Amino acid sequence: ASELSSGINAEYGGAGHFFSIMLFVVLSLALVAGSSCQTSYYNYGTDYPMEMIPSARSVVVGMLEGFDLDSMKLGLDMISGEICNKPSKCSQNMFYPCECAKSFNKFDSGKEECKMLPCTIITAVRDNIDYLYEDLSNAETYEDIVFAMRNILNDIVEGGICPCAKDLFKAIGGCMKAPVLSEMVDARAFNKIMKSPPVKKIWRDLQRPMCDCGLIDMTAMYGIARMMDQTRAANGTCLDKTDFITGVMADAMEMEGPSAFRDFVDNVASAFWCVDEEECREVMNEEFNNCCTRGFLKVFNKKNVRGVMKSGMLRGMLGYMVEDVDMKMIEKMFGQVIMSLKPELVCPEDGIYGEYISQCDENMEM
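Residues numbered from 1 in each chain as written. Predicted model: local features only at pLDDT ≥ 70, side-chain atom pairs only at ≥ 80, totals over all residues. Heavy atoms only, no water.

### Side note on the overall build of the protein
Secondary structure assignment for the protein yields 23 helices and 0 strands. Residue burial in the protein is summarised as follows: out of 366 residues, 43% are buried. Accessible surface for the protein amounts to roughly 19700 Å². Of this, 55% is attributable to carbon and sulfur atoms. (Helix = DSSP H or I, 4+ residues; strand = E, 2+ residues; numbered from the N terminus. Buried < 20%, exposed > 50% of the residue type's maximum accessible area, 1.4 Å probe, protein only. Areas by Shrake-Rupley, 256 points an atom, 1.4 Å probe, with all protein chains shown as cover.)

In structure tokens, the structure reads:
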């Protein structure tokens, strides 16, 4: 067994999507308020290498096709007027119903600005939408796409979410009681999930890397974007993963059963991290194994993952989708995937990957 596999039992015996969902909801509401816009999807081919990773330009064209910037701005102005100008009042509409106004007005985090959090988010989107649209329109690479999102994400996450993170889900839970929202979301189920100890601990642990580093650096978005750009270009640089992807696709075609999955994860992790050139290992370390990404991975520790896996609600959802769910097997498989993202376990003989471990761990515990 590899060092990675043998470490599973020792450590495992595991929310960044929330912001994407919030941004999606804000933009969707703005489109509804301004006009009805038709969305079209880009159809990608499947031939490797050029079509396995579509060009960044084609992705942008697909995203912006049918997008009406003027209607979006009109919709944002309408929502902003409802939320920002009358925060203590309310009306039963889809933009800011009474329950939302009352819930955020009672925000008990001790910070006055948290009562205005919905306004902060809407304002961040409205103030950045022109720049976002212009930067995306001119984007030629995946790195350009990430760069285009930087301001709007920073304003929403670091300027809005982070100062009010403690009681955020409590305020959202109260908002979910609004009739217009309760038809789409089960408020009782949402609050039950958000109040569960595992979810509360994961959210608490996530706040440190997210608010200290920002969402982009915490999730290594720039590194992933550069890797996609250089792989698509097949330019032979350290982040050109052409051979890696080819090997992964070949191995995936032959994978059958849990045992094969474990071997597959081991092989993929080794091929990704254990590169021959010292220069490339240093690049990988800087892009994907820095203090911010390590802080993010610490959220998926043994206690958090096991708490989620023992959740009765999670078991119920998985049982509804798949019969005879083996939660212990799922826990170990998830644990192996998380540990495969820790290069000091995948390539234990390589001192480069372990160079900053102590420093990062100490910083995250301070």
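After presenting the structure, the write-up continues.
### Considering the packing of aromatic side chains
The final tally for this structure, using the stated rule, is 6 aromatic pairs. On the numbers, 5.1 Å between centres and 90° between planes, the contact of Phe272 with Trp273 is edge-to-face. Each ring, one from Phe296 and one from Phe300, has its centre 5.4 Å from the other, and the planes form 80°; the classification is edge-to-face. Judged by its relative accessible area of 17%, Phe296 is buried. (Phe/Tyr/Trp six-rings, centres within 6.5 Å; stacked < 30°, edge-to-face > 60°.)

### Section: the environment of Met339
One can find Met339 in helix H21 (residues 327-339). Overall, the relative accessible area of 1% leaves Met339 in the buried class. Taking the C-alpha atoms as reference points, Met339 and Asp266, 73 residues apart in sequence, are found 9.7 Å from one another.

### Looking at empty space enclosed by the protein
Computed from the structure, the largest cavity encloses a volume of approximately 40 Å³. Listed by contribution, the elements that provide at least two residues to the lining of the largest cavity are helix H7 (117-137) and helix H8 (142-161). Partitioned by chemical class, the residues of the lining of the largest cavity number 4 nonpolar, 2 polar and 2 charged. (1 Å grid on protein atoms, 1.4 Å probe; cavity = no way out; pocket = protein on both sides within 12 Å on 5 of 7 lines; lining within 4 Å. Points joined across faces, edges and corners; volume = space filled by probe spheres on them. Nonpolar A, V, L, I, M, F, W, Y, C, P; charged D, E, K, R; others polar.)

### With respect to the state of the cysteines
This model, assessed by the stated rule, comprises 7 disulfides. A sulfur-sulfur separation of 1.7 Å characterises the disulfide bridge that pairs Cys100 with Cys175. Its S-S torsion of approximately 60° makes the covalent link between Cys100 and Cys175 right-handed. One end of the pair, Cys100, is in helix H5 (residues 98-105); the other, Cys175, is in helix H9 (residues 168-175), with 75 residues separating them in the sequence. A relative accessible area of 12% means that Cys175 is categorised as buried. (Disulfide = S-S within 2.5 Å.)

### A short note on the side chain of Lys201
With respect to the secondary-structure elements, Lys201 resides in helix H12 (residues 197-213). Overall, the relative accessible area of 19% leaves Lys201 in the buried class. Within the structure, the side chain of Lys201 is placed 2.8 Å from the side chain of Asp205, a separation counted as a polar contact. Excluding its chain neighbours within four sequence positions, the residues that come into contact with Lys201 are Asn301, Lys303 and Asn304. (Polar contact = N/O pair within 3.5 Å; in protein donor to acceptor, adjacent residues only side chain to side chain. Contact = heavy atoms within 4.5 Å.)

### Some details on the pattern of salt bridges
This model, assessed by the stated rule, comprises 9 salt bridges. When the shortest N-O distance is used, the salt bridge between Glu112 and Lys115 registers 3.7 Å. Taken as a pair, Glu112 and Lys115 lie in helix H6 (residues 112-115) at a separation of 3 residues, close to a single helical turn. With a relative accessible area of 55%, Glu112 lands in the exposed category. Residue classification places Lys115 among the partly exposed positions, given a relative accessible area of 27%. One salt bridge in this structure joins Asp135 and Arg150, with 3.8 Å as the shortest N-O distance. One end of the pair, Asp135, is in helix H7; the other, Arg150, is in helix H8, with 15 residues separating them in the sequence. Since its relative accessible area comes to 27%, Asp135 is described here as partly exposed. You can call Arg150 partly exposed: its relative accessible area is 22%. (Salt bridge = Lys/Arg side-chain N within 4 Å of Asp/Glu carboxyl O.)

### Points about the layout of surface pockets
When its volume is computed, the second largest pocket comes out at roughly 550 Å³. Together, 20 residues line the second largest pocket, and Ile224, Phe272, Trp273, Phe288 and Leu341 are the ones closest to its centre. Every element with two or more residues in the lining of the second largest pocket is listed here: helix H14 (221-233), helix H16 (257-273) and helix H18 (291-298). When its residues are assigned to classes, the lining of the second largest pocket shows 17 nonpolar, 3 polar and no charged.

### A short note on the packing of helix H11 (residues 187-195) against H12
At a minimum axis distance of 5 Å, the contact between H11 and H12 shows a crossing angle of 65°. In this structure, H11 contributes Ile193, Met194 and Lys195 to the contact, and H12 contributes Pro197, Val199 and Lys200. Across the contact of H11 with H12, the residue classes break down as 4 nonpolar, no polar and 2 charged. (Axes fitted to C-alpha atoms, helices over the stretch in contact; angles between N-to-C directions.)

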